Amino acid sequence: MTHHFFSPHRDDAILTFGGHITNLIARNESVKVHVIFGRDGYLRPIFLDKLRQQKINHPHLKKLILLLDFDRAVYEQKIDKLLQDDTETSLLELGILIRQLEERAVAKKTGYELHEYDFFCAFPLRGYKKFNETLKEDDYTSQKRLLVEESPILSQLLNPSKIKPSDDVKLYFPTGVGGHPDHVIMAKFGLNIASAFPDKVVFGQDLPYGLVQEWFCKSPLPFEKMEKNIVDINNSLQNKVSLLSYYESQLSDEDMRLAKIYPQHLGDLISREYKLGGDFASLVDNNIPVEIQYKFANV
């Protein structure tokens, strides 16, 4: 079976499915991660400030370039030029460049096949300009048409009419919890496919948004009609945390601390909210790290 993970941005697949991805690869299953909105160049302000000071000597950049065996001089010239320009556009390109390095490093460490697409995210200058976070239905329709028409790979994977019942695939999507337009768009793609092939579609908890119960209403998914699956990631939690450390441009030290806590308290949180029992309760009682997935029952 081939497992396709549709990640709105770089880091989303590992945040939500990192333990499961690690488990699948350990079982020698085929894993492909599709980063959809690759034109997202947001960098944490603290990270960007340090980058301005240290440039190519920033420890994080040195680690990435060494791991990927890239030509340091080439990247030094690119980064120096973008930092010297210091415009909204150059900072966007700088962020995209660094986030590409991060995702490719994670792919190399993990062993999944990486596909990156150059679609603009909802907030291309996030961090530099304010944007309306409301997603209109016509925005989804236009994005849907663009994604399917502009990419041969996505036109096959995201179009129910191109999927066959015999296809040995599993498609993973975010839930859109939290209401981020890019996540909601991908959740709607999953919902559309699940209406025809419920056995082939899985939705992830969409961390960190999925820890806030009040944000579930922002998702397009009918959670009351869905099954909740618990994935034990006790054996892969450390690998997941290690992989998340490669996203330093996005995740602070506090984010990393929470990344270790999320899986162990996730079960307790959802158990209290939904009053689940059985195997779920035993995982919670034993403080086993978990990831939460949702799917539709086969009809």
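Numbering of residues starts from 1 in each chain and follows the order in which that chain's sequence is written. In keeping with the model being predicted, local features are shown solely for residues with a pLDDT of at least 70 and side-chain atom pairs are shown and tallied solely at 80 or more, while totals for entire chains, interfaces and linings include all residues. Side-chain measures here rest on the full set of heavy atoms in the structure, leaving out hydrogens and waters.

Notes on the overall build of the protein chain
- Labels follow the DSSP assignment, with helices taken as runs of H or I lasting at least four residues and strands as runs of E lasting at least two, numbered in each case from the N terminus. The helix and strand tally for the protein chain stands at 11 helices and 7 strands.
- Counting across all 299 residues of the protein chain, residues that qualify as buried make up 53%.
- For the protein chain, the share of sequence-separated contacts (at least 6 apart) that also reach a separation of at least 24 residues comes to 80%.
- Entry remark: accessible area of the protein chain is about 13,800 Å², with carbon and sulfur atoms responsible for 49%. Note on classification: 1.4 Å probe, protein chains only; a residue is buried when its accessible area is under 20% of the maximum for its type, exposed when over 50%, partly exposed between these limits. We call two residues in contact whenever any of their non-hydrogen atoms come within 4.5 Å of each other. Surface accessibility follows the Shrake-Rupley procedure with a 1.4 Å probe radius. Residue values consider only the protein chains on display as shielding.

A short note on the confidence of the model for the protein chain
- Per-residue confidence for the protein chain averages 83 on the pLDDT scale, and 81% of its residues sit at or above 70.
- Throughout residues 267-285 the model reports pLDDT below 50, and contacts reaching past four residues in sequence, or to other chains, amount to 25 contacts. The score called pLDDT rates the predictor's confidence residue by residue, from a low of 0 to a high of 100.

Examining the nonpolar core
- Counting 45 residues, the largest nonpolar core has F5, I14, I21, V33, L94, Y112 and L244 as the members making the most contacts within it.
- Among the elements of the structure, helix 1 (12-26), strand 2 (30-35), helix 2 (45-54), helix 3 (59-68), helix 4 (72-85), helix 5 (88-110), helix 9 (237-244) and helix 10 (253-274) are those that each provide at least two residues to this core.
- Residue contributions to this core peak at 8 residues, all from helix 5.
- Among the buried residues, those of types Ala, Val, Leu, Ile, Met, Phe, Trp, Tyr and Cys that are joined through side-chain atoms within 4.5 Å form a nonpolar core. Residues L154, M186, F203 and Y294 belong to the second largest nonpolar core, which totals 31 residues.

Focus on the environment of P8
- With respect to the secondary-structure elements, P8 resides in the loop between strand 1 (2-7) and helix 1.
- With a relative accessible area of 2%, P8 lands in the buried category.
- Not counting the four nearest positions on each side in its chain, P8 is found in contact with I36, F37, P174, D182, H183 and M186.

Here we look at the packing of helix 1 against helix 9
- Contact pair helix 1 / helix 9: the axes reach a minimum separation of 8 Å and the direction vectors enclose 135°. Here helix 9 runs oblique to helix 1, going by the angle between their axes. Judged by the twist between their axes, the crossing of helix 1 over helix 9 is right-handed. Contact residues: helix 1 offers I14, L15, T16, G18, G19 and T22, while helix 9 offers N239, K240, L243 and L244.
- In this classification, Asp, Glu, Lys and Arg are treated as charged, Ala, Val, Leu, Ile, Met, Phe, Trp, Tyr, Cys and Pro as nonpolar, and every other residue, Gly included, as polar. Classifying every residue of the contact of helix 1 with helix 9 gives 4 nonpolar, 5 polar and 1 charged. Convention adopted: a line fitted to C-alpha atoms gives each axis, helices being fitted over their contacting stretch, and angles between N-to-C directions are expressed from 0 to 180 degrees. Small angles under 35 degrees read as roughly parallel and large ones over 145 as roughly antiparallel, with 65 to 115 read as roughly perpendicular and the rest as oblique. Crossings are classed by handedness, with left-handed meaning an anticlockwise turn of the near helix from the far one by less than a right angle and right-handed meaning a clockwise turn.

Some points on the pattern of salt bridges
- What counts as a salt bridge is simple: a side-chain nitrogen of Lys or Arg found within 4 Å of a carboxyl oxygen of Asp or Glu. Inspection of the entire model under this criterion finds 11 salt bridges.
- The shortest N-O distance in the salt bridge between R99 and D40 comes to 3.1 Å. Placement of the pair is R99 in helix 5 and D40 in the loop between strand 2 and helix 2, with a sequence separation of 59 residues. Of the two residues examined, R99 and D40, each falls in the buried class.
- R104 serves as the salt-bridge partner of E116, at 2.8 Å between the closest nitrogen and oxygen. Of this pair, E116 sits in strand 3 (residues 113-116) while R104 sits in helix 5; the two residues are 12 residues apart in sequence, bridging distant segments of the chain.
- Residues joined in a network through salt bridges with shared partners are R10, R104 and E116.

Describing the sheet that holds strand 6 (residues 226-232)
- Whether two strands pair depends on DSSP finding at least two bridges between them. Strand order in the open sheet formed by 7 strands is 3-2-1-4-5-7-6, and the pairing between neighbours is mixed. What marks the edges here is a single partner per strand, and that holds for strand 3 and strand 6. Strand-to-strand twist in this sheet, taken as the mean axis angle between neighbours without regard to direction, amounts to 25°.
- Here strand 2 runs beside strand 3; their pairing, made up of 4 bridges, is parallel. Looking across to strand 3, one finds that H34 is bridged to H115.
- Where helix 5 meets the sheet, it contacts strand 2 and strand 3, and its direction lies at approximately 160° from that of strand 3.

Points about helix 3
- Residues of helix 3 that are buried: H60, L61, L64, I65 and L68. Each buried residue of helix 3 lies within a common arc of 125° when the element is viewed along its axis, so the set occupies one face. Exposed and oriented more than 90 degrees from the buried face of helix 3 are P59 and L66.
- Next to the buried residues of helix 3 lie helix 2, helix 4 and helix 5.
- Count one or two residues on from helix 3 and you reach D69, which has phi positive near 60°. Throughout, the arc means that of the directions going from the helix axis to the C-beta atoms.

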